[in-house]
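Remarks on the overall topology
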Number of protein chains: 2
Amino acid sequence: MAVLQSFVEVKPDSHFPIQNLPYGVFKPDPTSSPRPGIAIGDYVLDLSEIAKAGLFNGPTLSGSDCFLQPNLNKFLALGRPAWKEARATLQKLLSSSEAALRDNASLRQKSLVSMDKVEMVVPIAIGDYTDFFSSMHHAKNCGTIFRGPQNPVPANWFHLPIAYHGRASSIVISGTDIVRPRGQGVPSGNSPPPFGPSQKLDFELEMAAVVGPGNELGKPVDVNEAADHIFGVVLMNDWSARDIQAWEYVPLGPFLGKSFGTTISPWIVTL
Amino acid sequence: MAVLQSFVEVKPDSHFPIQNLPYGVFKPDPTSSPRPGIAIGDYVLDLSEIAKAGLFNGPTLSGSDCFLQPNLNKFLALGRPAWKEARATLQKLLSSSEAALRDNASLRQKSLVSMDKVEMVVPIAIGDYTDFFSSMHHAKNCGTIFRGPQNPVPANWFHLPIAYHGRASSIVISGTDIVRPRGQGVPSGNSPPPFGPSQKLDFELEMAAVVGPGNELGKPVDVNEAADHIFGVVLMNDWSARDIQAWEYVPLGPFLGKSFGTTISPWIVTL
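As recorded in an unreviewed UniProt entry, chain A goes by Fumarylacetoacetase and comes from Dimocarpus longan. The Sequence similarities (unreviewed entry) comment attached to chain A in UniProt states, word for word, "Belongs to the FAH family."

1. Observations regarding the overall build of chain A
Check the secondary structure of chain A and you find seven helices and 16 strands. Its C-alpha atoms give chain A principal-axis dimensions of roughly 75 × 40 × 35 Å. The 271 residues of chain A split such that 47% are buried. In chain A, the share of contacts with a sequence separation of at least 24, taken over all contacts with a separation of at least 6, comes to 67%. Counting only carbon and sulfur atoms, one obtains 55% of the accessible surface of chain A, whose full area is about 13800 Å².

2. Notes on the UniProt feature "binding site: Ca(2+)" (unreviewed entry) in chain A
Residues and elements named next belong to chain A. Summarizing the sequence annotation, UniProt attributes the feature "binding site: Ca(2+)" (unreviewed entry) to Asp131, Glu204, Glu206 and Asp238 in the numbering used throughout. Sequence-wise these annotated residues cover 108 residues; spatially they are packed, their C-alpha atoms never more than 11.5 Å apart. Counting through the fold element by element, Asp131 comes out in strand β6 (residues 129–132). Residue Asp131 is classed as buried on the basis of its relative accessible area of 4%. The residues touching Asp131, leaving out its near neighbours within four places in the chain, are Ile162, Ala163, Tyr164, Glu206, Met236 and Asp238. Assignment of secondary structure puts Asp238 in the loop between β13 (230–237) and β14 (240–241).

3. Details of the relation of the copies chain A and chain B
You can overlay chain A on chain B at an RMSD of 0.0 Å; the transform is a turn of 180 degrees with a shift of 0.0 Å along its axis. Viewed as a symmetry operation, the transformation between the two copies matches a two-fold axis. Closest approach to the rotation axis within chain A is made by the C-alpha atom of A:Gly253, at a distance of 2.0 Å. When the interface residues of chain A are mapped onto chain B, 97% of them again lie at the interface, so the same face is used by both copies.

4. Section: the sheet that holds strand β4 (residues 112–114) of chain A
Residue and element names in this part refer to chain A. Spatial strand order, β4-β3-β2-β1-β5: five strands in an open sheet with antiparallel pairing. Unpaired on one side and paired on the other, β4 and β5 (119–121) mark the two borders of the sheet. Taken pair by pair, the neighbouring strands of this sheet meet at an average axis angle of 50 degrees, ignoring direction. Direction of pairing for strand β2 (residues 35–40) relative to strand β3 (residues 43–46): antiparallel, over a ladder of four bridges. Along β3, the bridge assignment pairs Ala39 with Val44.

5. Concerning the UniProt feature "active site" (unreviewed entry) in chain A
Residue and element names in this part refer to chain A. Taking the numbering used here, the UniProt-annotated feature "active site" (unreviewed entry) corresponds to His138. Following the sequence through the fold, His138 ends up in helix α6 (residues 136–147). Residues within four places of His138 in sequence aside, it is in contact with Phe133 and Glu204.

6. Points about the nonpolar core
If you look at the biggest cluster of nonpolar residues, it comprises 49 residues, and the most contacted ones within it are B:Tyr23, B:Leu45, B:Phe67, B:Phe75 and B:Leu94. Looking at this core element by element, the count peaks at six residues for helix α3 (residues 80–94) of chain B. Shared between two domains, this core takes at least three residues from each, and those domains are domain 1 (23–121) and domain 2 (166–270) of chain B. Excluding its chain neighbours within four sequence positions, the residues that come into contact with B:Phe67 are B:Tyr23, B:Pro36, B:Leu47, B:Ser48, B:Ala51, B:Phe56, B:Leu61, B:Phe75 and B:Ala86. If you look at the next biggest cluster of nonpolar residues, it comprises 48 residues, including A:Ile50, A:Leu55, A:Leu112 and A:Val121.

7. With respect to the interface of chain A and chain B
Contacts between the two partners involve 38 residues from chain A and, on the opposite side, 37 residues from chain B. A combined buried area of about 3500 Å² lies between chain A and chain B, and 68% of that area is made up of carbon and sulfur atoms. Applying the counting rule to chain A against chain B returns zero salt bridges. Linking chain A to chain B there are twelve residue pairs in polar contact (both at pLDDT 80 or more). The element that contributes the greatest number of residues to the side of chain A that touches chain B is strand β7 (residues 163–166) of chain A, accounting for four residues. The class makeup of the residues in the side of chain A that touches chain B is 22 nonpolar, twelve polar and four charged.

8. Some details on the domain arrangement of chain A
By a widespread convention, an interface's size corresponds to the accessible area lost as its parts come together. Residues and elements named next belong to chain A. Each assigned domain of chain A is listed with its residue range as follows: domain 1 (23–121) and domain 2 (166–270). Counting residues at the interface gives 17 residues for domain 1 and 14 residues for domain 2. Our count for the contact surface shared by domain 1 and domain 2 stands at one salt bridge. Put simply, Arg80 and Asp228 hold a salt bridge, and the shortest N to O gap is 3.6 Å. Taken together, the connections running from domain 1 to domain 2 amount to three residue pairs in polar contact (both at pLDDT 80 or more). Going through the elements one at a time, β1 (23–27), β2, α2 (73–77), α3 (80–94) and β5 are the ones with two or more residues in the side of domain 1 that touches domain 2.

About the cut-offs
Residues numbered from 1 in each chain as written. Chains lettered and ligands numbered in written order. Predicted model: local features only at pLDDT ≥ 70, side-chain atom pairs only at ≥ 80, totals over all residues. Heavy atoms only, no water. UniProt positions renumbered as here; feature names shortened; annotations may be inferred. Helix = DSSP H or I, 4+ residues; strand = E, 2+ residues; numbered from the N terminus. Buried < 20%, exposed > 50% of the residue type's maximum accessible area, 1.4 Å probe, protein only. Contact = heavy atoms within 4.5 Å. Areas by Shrake-Rupley, 256 points an atom, 1.4 Å probe, with all protein chains shown as cover. Least-squares fit on C-alpha atoms with pLDDT ≥ 70 in both. Pairing = 2+ DSSP bridges. Axes fitted to C-alpha atoms, helices over the stretch in contact; angles between N-to-C directions. Core = buried A, V, L, I, M, F, W, Y, C linked by side-chain atoms within 4.5 Å. Domains from an automatic or database assignment. Buried area = accessible area lost by both parts, 1.4 Å probe. Salt bridge = Lys/Arg side-chain N within 4 Å of Asp/Glu carboxyl O. Polar contact = N/O pair within 3.5 Å; in protein donor to acceptor, adjacent residues only side chain to side chain. Nonpolar A, V, L, I, M, F, W, Y, C, P; charged D, E, K, R; others polar.

Right, dumping it as structure tokens:
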């Protein structure tokens, strides 16, 4: 079977061949409004132009204004049928055998933007964000730092997902400057707790799942339907001020030590 | 000095005399779209009608569409100058000495709705919500329940605000049914943790502050400017499943034990 190829030039080492096509939100220039796009090679395809040209012509997306929004929330809320339809439409549209975009110079000109010319923004309006403590190796490391080497992994970790809610409003896009937080650290002896810029700024590479249609309050999502709720994944940097965290985290968990900033990558890789 | 009185009849024991005028968001009937209102006696004043009639004629609010929104966020983002102007305008408009609304039967008919006929909704799109552990009496009680009577209040409590982020999407308006959560409790001995409906559902009366204009990431709010950021207060019920909480809360704080629902009162009393 021939490998699917795009008429858009894609270098062999690109993260964004036609087989990937992750979603993001971008501004073509600093004064324009944000709009959804997908990455292909070194280009961003402007989905608002594709929608205006009437090329989303499947049953779910035809006539929808979900790609004329400043974020992906409306598209995500449509659920997996819309996600599958969009992906099929876009993969076909970008393939070397399809004329609709390939042979339309005016539309190509409007919709294919060089990636190094655009500004990427946070692609979703994030309502809540939950950080799970899901790697045993990491749980052991953290437990050793905060509670010592004896039984560093708490018993509950083996039975249920340990997690906390993070501050959704401090999630920023990759490359955004993070201000070093000021706060209290653990006091030594009878001294008052020291206050000042964090001396133990740390970062953690995490994978974050972007969830889509949501569920009604009190109605759980069946584990067999999880795939219908996870739209895709981004890389995440869970910035932490370990000195602030060590003093504040008992009994209600990390708060100021992690609320000052969380970074995500701009492209959501779909599942 | 004469006491300020409204032309709207207000019973002597009403929580909503002209001196209070709290803000909420309501639907006049189940099919209409939500719009901002204030409470006066047994009535709700529809602020979208007042805005459409051009009666917000001060320098900040004249021409603004902040009361034509389905929530108060746009009004709150305008900050204290707008809040003061709106309050002064409304108090004047409802006073017995002012003719603009009092003598306009058609506008009164459109804008003054009986409170028992409306449906109140969550008045703000809540981006994040933080729950502070701020009463010493409560900290002692909780510490005794979860960690025993010896030193129930952790040392950090005396030095900084202990808090956690709650789940903003599970905040509902007073009167909404809350589904009893299912989850794991603390195992006894070597048994696996029991799973089932929470047996220790609890509730806590709290006061919640609704904050307004916000601050840029990394730029702290000066404590002397706090009043410019707090729009008003609501009552809050911090529902808790104490059995689920007791098993999950070390080391990252409460999560599933408190994420299933949080109730707020519909009227935001301004400060």
